[in-house]
Amino acid sequence: MGIDVRVDVDRRENGGTFTNYDVIQGTVRLTTTTSISLTYIQVKLEGVATTQMTVPRTLKRRKEKENREKLLQDVHKVLYDSVIVFPPENIRNVSNSKEFTLTPGDYTYPFQFKIPLNNSCVKTLGITNKVLFSRDNRLVLVNNGNFNTNLIKNVAQNYFQAYSNQGQGPPEVPKNQTYHVNTQLPPSISDMGLFASVRYYVKVTCKRSSVFKTNIRAFDPFTFLPLDLDSHNRPLFEGQQFEEFREVFYRKDMVFKNRIPEIVGIKVSKKPPADYKKALPSTPPLPQRKSFLSSFLGGTPSPPTLPTRPSSSRRSSNSSTTTRQTSAAYEISASNVPFSFEVRFKYRSYLIPSHLPTFKLYLLLHHNPARYSLAQYGYQEESNGLGVIYFQKLTVELRSTTNITVLETDGAGEVIHQGKSEEVIQLCNNTYQNLQFDLHDAKKLRSSSATSSSYVDTNVHELEIPRKYFDNCTLPDGLAPTFKTCNITRKYNLVIVGGFLSERISDFKDRAEVEKKVRYVDLFCPDVQVLSGLKLTSWLHSNASESNVSRTSDLKPSLPERPPSSLGTEEPAANGKEAESRLPTYDDVVRESSYQDDGEHLRVRRRYQN
């Protein structure tokens, strides 16, 4: 007898990746060479979040304790829906028969479901006939590893107490109320092995009428990537028009000590040393210097004649060395140069795979940048070189943390075991050669995130590091977005390390020189949200507004339907109120402006292959 069943999911229009509010459809194909009797053919839409870990177990043997490890697994069905495709509903309603016969031939049964927004966790407890064999440690799991003698004993005691209480039911076992959560469906995860996985598939079951015959099953897995929605099931950036200037920043301070400007005004002492002219053999004749020094010596004032602002090639260690060598003859004081390295996100901090960085980098100073100019000599627009900073190194790392839980029960109580897995993903490791920034060019900080002027330091100035120097800091395509479900949580932290120096590096091949001069500052950005990059489209919004095509109940988003627009086939109302009611609302306009382009939407789907 030959019986073959297959289920095929239609992937032609979405690149093989599904998301919330998608209508997933396909066909069940059954081929049989002989007559078969079936109770029904059922198609199921399922999403399963599985965690697995080993926990210590103590065995008492005779008078000694033996420590061993036992394998536990926790399985949550975050998505479940089903439909019977055979026999048809009209036949089931009028027939009392428990079996139906299919003659030899080929049969096809279409099906369709709508993927909901949130999970509907179904956790199977108690003794079941599920048996799992783990190839990693060659252990057999019965009832997810919870099958033991204590479980049988406690279950038996509960039933005995229920019988003694005259049918009042067994005493309830305290449950952890926070163990099951109602959140958005998690993304597909398959790169962590048995430690943590989230899988989605469509499964068909041909239920045999005889208990002595094995049911016939087949399944077709698919990839799921959730939409970017907020905690209220709205588009992530909808309704934030009043928060578009809010920002999140992380900042650390740094000080370059005892720096000397590259351009200084020379102040001659009242009694110059005897070897003054000898120390400066190339000094111009006195008549050419009189007008410049007279302002310092009390003579007739005249406009100073200073050299123009030096180019970057003149700001070298040689000029600094010359100034230090002649400082014995002149009164030149060193200064500290404090500044801050800052990363800034729009509220809230997030990153999107394959997109340009959403953060900006800044150098900040908490004083007037005129300190680094020649303002005291009448040249405020010219820099004295004191605030020159060289940007040498930038590394950006994304740290992924996956937390899992596994439930252990013995029928009388529950223990939740926790596990963690961490991974470091390097986004960029950039090296620059004497990339120069001058704090003299800093502009006044425009802080719009403060609610009152009392929180704004009016003396803060900023100098932005152009994004072209770190636009290669992109996330990989297959990176799972931030999510939380009953037994798995995925979070991300971002670490940005900048290397700065106060003087040029003359030889980049000299590692000793580089390590000696470069100073590093790190910025730790916790809870950076990684998004999927999938936004609502017009057709997804239409699916969300329509009733479900299956029987699964779903929490619809608070997205009001747009009233149908007039096509000019009806005459306008005399008072104009009917025409006004057909105009799009403000929420409609905002929502439609946030719809994602269909082409970009499909590109994001195709990129996610976890």
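So, how was this worked out
Residues numbered from 1 in each chain as written. Predicted model: local features only at pLDDT ≥ 70, side-chain atom pairs only at ≥ 80, totals over all residues. Heavy atoms only, no water. Helix = DSSP H or I, 4+ residues; strand = E, 2+ residues; numbered from the N terminus. Buried < 20%, exposed > 50% of the residue type's maximum accessible area, 1.4 Å probe, protein only. Contact = heavy atoms within 4.5 Å. Areas by Shrake-Rupley, 256 points an atom, 1.4 Å probe, with all protein chains shown as cover. Pairing = 2+ DSSP bridges. Phe/Tyr/Trp six-rings, centres within 6.5 Å; stacked < 30°, edge-to-face > 60°. Disulfide = S-S within 2.5 Å. Core = buried A, V, L, I, M, F, W, Y, C linked by side-chain atoms within 4.5 Å. Polar contact = N/O pair within 3.5 Å; in protein donor to acceptor, adjacent residues only side chain to side chain. Axes fitted to C-alpha atoms, helices over the stretch in contact; angles between N-to-C directions. Salt bridge = Lys/Arg side-chain N within 4 Å of Asp/Glu carboxyl O. Arc of directions from axis to C-beta.

If you check an unreviewed UniProt entry, the protein chain appears there as Arrestin-like N-terminal domain-containing protein from Candidozyma pseudohaemuli.

### Remarks on the overall build of the protein chain
A count of helices and strands for the protein chain gives ten helices and 25 strands. Within the protein chain, the fraction of its 610 residues that count as buried is 40%. When contacts within the protein chain are restricted to residue pairs at least 6 apart in sequence, those whose partners lie at least 24 apart make up 77%. Entry remark: accessible area of the protein chain is about 35,100 Å², with carbon and sulfur atoms responsible for 49%.

### Focus on the pairing of strand β21 (residues 461-465)
For β21, the tally of buried residues reaches four of five residues, placing the bulk of the element in the interior. Relative to β21, strand β15 (residues 360-365) runs antiparallel, the two sharing five bridges. Bridging from a neighbouring strand, Y362 pairs with E464 of β21. Relative to β21, strand β20 (residues 443-444) runs antiparallel, the two sharing two bridges. Residue pairing in the sheet places K444 in a bridge with H461 of β21.

### Examining the packing of aromatic side chains
The geometry of an aromatic ring pair comes down to the distance between the two centres and the angle between the two planes. Summed over all chains, the structure comprises 17 aromatic pairs. Chaining the aromatic ring pairs together yields one cluster made of F256, F339, F341, F391, Y432, F437, Y469 and F500.

### Topic: the state of the cysteines
What makes a disulfide is a covalent bond joining the sulfur atoms belonging to two cysteines. Taken as a whole and judged by the stated rule, the model has one disulfide. Note on cysteine connectivity: C428 is disulfide-linked to C473, with sulfurs 2.3 Å apart. A torsion of 55° about the S-S bond marks the disulfide between C428 and C473 as right-handed. One end of the pair, C428, is in strand β19 (residues 414-438); the other, C473, is in the loop between β21 and β22 (483-484), and 45 residues separate them in sequence. In this structure C428 comes out as buried when scored by relative accessible area, which is 3%. Taking the relative accessible area as the measure of exposure, C473 reaches 2% and is therefore buried.

### Here we look at the nonpolar core
In this structure, L398, L494 and I496 are the most contacted members of the largest nonpolar core, which totals 100 residues. If you tally residues by element for this core, the top one is strand β4 (residues 36-61), at eight residues.

### Let's talk about the environment of N384
Tracing the sequence through the fold places N384 in the loop between β17 (379-383) and β18 (388-409). Of the residues examined, N384 reaches a relative accessible area of 7% and is grouped as buried. The spacing of N384 and P261 is 123 residues in sequence and 5.6 Å in space, taken between C-alpha atoms. Ignoring sequence-local partners within four residues, the contact set of N384 consists of P261, E262, I263, R371, Y372, S373 and L374.

### Quick look at the side chain of R490
Of note, R490 is situated in strand β23 (residues 488-501). A polar atom in the side chain of R490 sits 2.9 Å from the side chain of Y492. Aside from chain neighbours lying at most four places away, what touches R490 is I189, M192, S400, T401, T402, A480, P481, T482 and F483.

### Points about the sheet that holds β21
Spatially, five strands are ordered β12-β13-β15-β21-β20 in an open sheet, and the strand pairing comes out antiparallel. What marks the edges here is a single partner per strand, and that holds for β12 (247-259) and β20.

### What about the sheet that holds strand β3 (residues 23-32)?
Here three strands make up an open sheet; going across it, the order is β1-β3-β7 and the pairing antiparallel. The open sheet terminates on both sides in strands that have one partner only, identified here as β1 (3-9) and β7 (105-114). Recorded for the sheet is a direction-independent mean angle of 15° between the axes of neighbouring strands. Examined bridge by bridge, β3 and β7 share ten bridges and lie antiparallel to one another. By the bridge assignment for β7, V23 is matched with K114.

### A short note on unusual backbone geometry
Note the cis peptide between F86 and P87, where omega equals -5°. Secondary-structure assignment places P87 in the loop between β5 (64-86) and α1 (89-94). Cis geometry is found at the peptide bond from Y347 to R348, where omega equals 0°. Topologically, R348 is positioned in the loop between β13 (335-346) and β14 (350-351). Phi at N258 takes a positive value of approximately 55°, unusual for a residue other than glycine. The residue N258 is located in strand β12 in this model. On the accessibility criterion, N258 (52% relative accessible area) is exposed. One non-glycine residue with positive phi stands out, namely S354, at about 65°. Position of S354 among the secondary structure elements: in the loop between β14 and β15.

### Topic: the side chain of S400
The residue S400 is located in strand β18 in this model. Those residues in contact with S400 that sit more than four places away from it in its chain are S421, E422, E423, R490, K491 and Y492.

### Some details on the pattern of salt bridges
In this structure the tally under the stated criterion is 17 salt bridges. With its nearest N and O atoms 2.8 Å apart, the salt bridge here joins D10 to R12. E247 is paired through a salt bridge with R344; the nearest N and O atoms lie 4.0 Å apart. Linking E247 in strand β12 with R344 in strand β13, this pair joins segments that are 97 residues apart in sequence. Take E247: its relative accessible area is 35%, and that puts it in the partly exposed class. The class of R344 is buried, set by a relative accessible area of 7%. Three or more residues joined by partner-sharing salt bridges are found here, namely E247, R251, E342, R344 and E462.

### Section: helix α10 (residues 598-607)
For α10, the set of buried residues is H601, V604 and R605. Here the buried residues of α10 occupy an arc of 100° about the axis, which is enough to place them on one side. In this fold, the buried residues of α10 make contact with β2 (17-18) and α7 (538-545). For α10, the N-terminal cap is D597; the gap from its side-chain oxygen to the backbone nitrogen of G599 is 3.0 Å.

### Topic: the environment of I24
As for its placement among the helices and strands, I24 is situated in strand β3. When the C-alpha atoms of I24 and D10 are compared, they prove to be 7.2 Å apart, with 14 residues separating the residues in sequence.

### Focus: the environment of T537
Mapped onto the elements, T537 comes out in the loop between β25 (529-530) and α7. Expressed as a C-alpha distance, the spacing of T537 and S594, which sit 57 residues apart in the sequence, is 8.4 Å. Every residue in contact with T537, bar those within four places of it in the chain, is listed here: Y595, Q596, D598 and H601.

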